[in-house]
Amino acid sequence: MKTTPTPIYDAPSERTGHWWRLHRGEDVVLSLVLGAMVLLPLIEILLRSMLSVGIANAATLVQHGVLMVGMLGAAVAAREGRLLAMGGLASALPAPLQRPARMFAAAVAMAVSATLADASLAFVAVEREGGNLLAYGVPLWWAQAVMPLGFALIAVRIAVRSGETPRARFVTVALAAGLWLLAQAAGSGVTTPGLILVLFAAALGAPVFMVLGGAALALFAGDGLPLAAIPLNHYQLTVNPSLPAIPLFTLAGYFLAEGGAPNRLIRVFRALFGRFRGSAAVVTVLLTAFFTSFTGASGVTILALGGLLMPLLAGVRYPERAGIGLITSGSSLGVLIPPALPLILYAIIARQPIETMLLAAVLPAMAMTTLLMLLGIWRQPKEACGDRVDRGETLAAVNAAKWELAIPLVTFGGLASGLVTPTETAALTALYAFFIEVVIYRDLSLRRDVPRVMTECGLLVGGIILILGMALGFTNYLIDAQITEQVSDWVQSSITSPWVFLLALNLVLLLVGAFMDIFSAIIVVTPLIVPIGKAFGIDPVHLGIIFLANMELGFLTPPVGMNLFFASYRFGKPVGEVARAVLPALAVLGAGVLLITYWPALSLFLPRLVAH
Amino acid sequence: SAHADPVKLRLGTLAPKNSLYHRVLLEMGDAWKKAQGDGSGITIFTDGAQGGETDTVKRMRIGQLNGGLLSVVGLREIEPSVSALQTMPLMFRNWDEVDYVREKMRPSIEKKFYDKGYVVLSWGDAGWVRFFSREAATHPADFKAMKMFTWAGEPEQMEIMKALGYQPVSLETSDILPALQTGLIDVVPATPYYALAAQFNGPAPHMLDLDWAPIVGALVVTRKAWDAMSPAGQNTLREAAASAGDKMRANARIEVDEAVAAMIKRGLKVTPLTPELEAEWRRFAAGIYPQIRGKLVPADTFDEVSRFLAEYRSRK
Ligand code: NA
Ligand code: NA
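Residues numbered from 1 in each chain as written. Chains lettered and ligands numbered in written order. Predicted model: local features only at pLDDT ≥ 70, side-chain atom pairs only at ≥ 80, totals over all residues. Heavy atoms only, no water.

Caption draft 1: Spatial organisation of the side chain of B:E77. Position of B:E77 among the secondary structure elements: in helix α3 (residues 72-78). Residue B:E77 is classed as buried on the basis of its relative accessible area, which comes to 12%. The contacts of B:E77, once residues within four sequence positions are left out, are A:N132, B:T54, B:V57, B:K58 and B:R61. (Helix = DSSP H or I, 4+ residues; strand = E, 2+ residues; numbered from the N terminus. Buried < 20%, exposed > 50% of the residue type's maximum accessible area, 1.4 Å probe, protein only. Contact = heavy atoms within 4.5 Å.)

Given below as structure tokens:
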């Protein structure tokens, strides 16, 4: 059975508009940097294992690839008008107010982007004086210069898209310039009006990065601290050694998603689970959970499977909003399913054995998956019955998808063999996914599809990395103003019961999950909570499972909820509407988090069993 | 001037909260605050809250922080030549030698820092680098079959390992533990204190009892912050920092033994060295000094260190 994959997005490849040559050139550079990020670690593996040498600063080069992909991808997203945004308030306004509202939101976003460009310029100037080298005699600041350029380009593109006529655009630019001048004049008094303005613009549809970046700018300015701290945080995030795994796994997921993998996998899952009651919901939950656990990127699951699972659910007259909720929430389950990347990252940061962490996650992941399946079955219209599938079809389905079902072996076989690092595993997985979809299944054409898929992946990753960097800037303010430290001190002095502590911990983690992405949360929050947890007698392994279970909720809560963003993209709904659609799932998974929290044996039983 | 403007000092360190390092910094801050006068204050960000050491230096450059307690990892970001001391394996035999050479070289190193915009307040140590390995190893040749960790941010360590005939694998520090577990690397050169904190002794339970190279650190502030202080504030800070440095150095020396003892309790096996073996190691390391001099360490710095060492040894 030959499947015809439908593109998730028709990424721009048209030769229209005044600037099309420049735009296509931009797309090519983005794809080339992504390609280099895949190849560089793989060349490094070869050189290391065959010749016992390596590329000078290979890891550093890949990390700066993330910086480039992040800024360039975000600039492309701005060009296409696809920077992630929260608010849908503008569309609820009376018609004559809609255009001014949009222009106001654009003006605030433009002022913030321009301020970030200016702050980045200051950061790069200081770094240039520092005189560090990237590799092969190339100064570090050359790579860092992509930040002021990127923010400036984003500011320009926000202005371009703010109106149809030159006059409308001029009004936006004038308004942005006015805001800039006001902010300069206000000095350290900028904080309160700045925060209000930024929130208001967000509600009217300004991009998410602007909310976090604008808030961080206002807060840093209020304390008389250098604004260059925000680009520095963005830089610090993008060059984090663990971060390249995100674009690389996303790229792997994109090759699979745009190839025929979703069709082949859905066939396998329907053959295996189709006969059960509520089978459409069961297949949805299991498939999204599985897809996320082996690509490591929950968002790609939504993009890849959303378009296939929605018709499946619609076929049994599943309510549309409940269907969106189920797909969006199911895609976060993979976080706890071994061998998911967050489990490994937590084990590393909390200094726990990786295998213990993976074992501990098995039963909690099953509990969370079961709970969501029960919700799904309950909401599925009763009279719909499942498919009947014979054994021959099951075997044929598994055989057809065997190369894709083998991906976990590639990903974790590499790690277990002692030949590769986690980042290199991600590169290996991306290359494998590319190879099977282009060469073995021939679902993607090297010339027609691959550049389009890579540009699309870069656009998406860029938009997200921009948000993550701005979120880190915001978090840095909390650290700088010693708010996090005061909270930690307060916890240790005012809470005595471990039960109360665990409840408070869940509330705090819910808040963390609301504002931070899972990877920076693991990096920033783990070192903070592990010692406090130990003081209350909580096993770091159990604490990790509680933490990651909360992060599953964080995928589904605004303002920084990755799955909400992806689902908003995929289903063409405002983020706010998707957020309402996942509320029932959030309640059910919240109950799961409490179960995991107050029943330590669920996490610790398997590791203890194996230890004895 | 008698009435200087209030100064806010913001220092970053990787040292944990309430550790000895944190406590002596707080003590120093209190003494300085009194001398500097009303409205002045000091904030210490512990546990790497403001990022790793290179991030701390970047934050000093933009003015978000104005000082830090740094190891060579951060100091080399300011002035690369500072890593010379630990780029010469088995050059020093004990702390007394390190102290002697450092005292002699201080004026010239501190001048370099001053020219780059930083004032070095005091020097500290973070211990000796030792080899932690998956299998026991005694002779220099025993390590040739093993893959050795080198930090991705320190290419010259890679050069040294290659020159010795070893198989270096360049990784990020966050990769060390999983890489040891899977066999991607077999040996990690690390200070016992760091090895204990990062639990290297689990997958790499053998430690060779050989002090490979010293890891040094320093307390620095930006010249901008320094120049804003009153003369009384400057003097008090220098004195308080010197006494803080003494306490930290004394502590680092105890820490090495304490960390080793703690790891032995958890199953670490120490591979002892006879004087003959130690001599074999020193000959082995000396074999690559010509490759280090003039390439990895400036020739004049290398000669200076050698001269001071000869001077110290002849006096004893
Ligand atoms: Na969230
Ligand atoms: Na989140």
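Caption draft 2: Inspection of the pairing of strand β4 (residues 118-133) of chain B at higher detail. All names here are of chain B. Taking burial as the measure, the 16 residues of β4 include 15 buried ones, the bulk of the element. Sheet analysis places β4 next to strand β9 (residues 213-222), joined by ten bridges and oriented antiparallel. Across the sheet, residue S122 finds its bridge partner in β9, namely L219. Pairing of β4 with strand β7 (residues 187-190) involves four bridges; the strand directions are antiparallel. Bridge pairing in β7 places F132 opposite V188. Sheet topology places β4 next to strand β8 (residues 206-208); two bridges connect them, and they run antiparallel. For F132, the partnering residue across the bridge sits in β8 and is M207. (Pairing = 2+ DSSP bridges.)

Caption draft 3: Region of interest: the packing of helix α4 (residues 95-130) of chain A against helix α6 (residues 146-160) of chain A. Residues and elements named next belong to chain A. Interaxial distance between α4 and α6 falls to 8 Å at its minimum, and their mutual angle equals 165 degrees. Comparing the axis directions of α4 and α6 gives the class roughly antiparallel. Crossing handedness for the pair α4 and α6: left-handed. In this structure, α4 uses A106, A109, M110, S113, A114, L116, A117, S120, L121, F123 and V124 to contact α6, whose residues at the interface are M147, P148, F151, A152, I154, A155, I158 and A159. Residues belonging to the contact of α4 with α6 are distributed by class as follows: 17 nonpolar, two polar and no charged. (Axes fitted to C-alpha atoms, helices over the stretch in contact; angles between N-to-C directions. Parallel < 35°, antiparallel > 145°, perpendicular 65-115°, else oblique. Left-handed = near helix turned anticlockwise from the far one by under 90°. Nonpolar A, V, L, I, M, F, W, Y, C, P; charged D, E, K, R; others polar.)

Caption draft 4: Seen up close, the interface of chain A and chain B. Each partner contributes to the interface: chain A provides 44 residues, whereas chain B provides 36 residues. Interface area for chain A against chain B, summed over the two sides, is near 3,100 Å², with a carbon-plus-sulfur share of 54%. The interface formed by chain A and chain B holds four salt bridges in total. With a closest N to O distance of 2.5 Å, A:E127 and B:K58 form a salt bridge. Counting the contacts that link chain A with chain B gives twelve residue pairs in polar contact (both at pLDDT 80 or more). Listed by contribution, the elements that provide at least two residues to the side of chain A that touches chain B are α1 (20-51), α2 (58-79), α4, α5 (140-144), α10 (229-238), α20 (407-416), α22 (450-480) and α23 (483-494) of chain A. Residue contributions to the side of chain A that touches chain B peak at five residues, all from α10(A). By residue class, the composition of the side of chain A that touches chain B is 22 nonpolar, 15 polar and seven charged. (Buried area = accessible area lost by both parts, 1.4 Å probe. Salt bridge = Lys/Arg side-chain N within 4 Å of Asp/Glu carboxyl O. Polar contact = N/O pair within 3.5 Å; in protein donor to acceptor, adjacent residues only side chain to side chain.)

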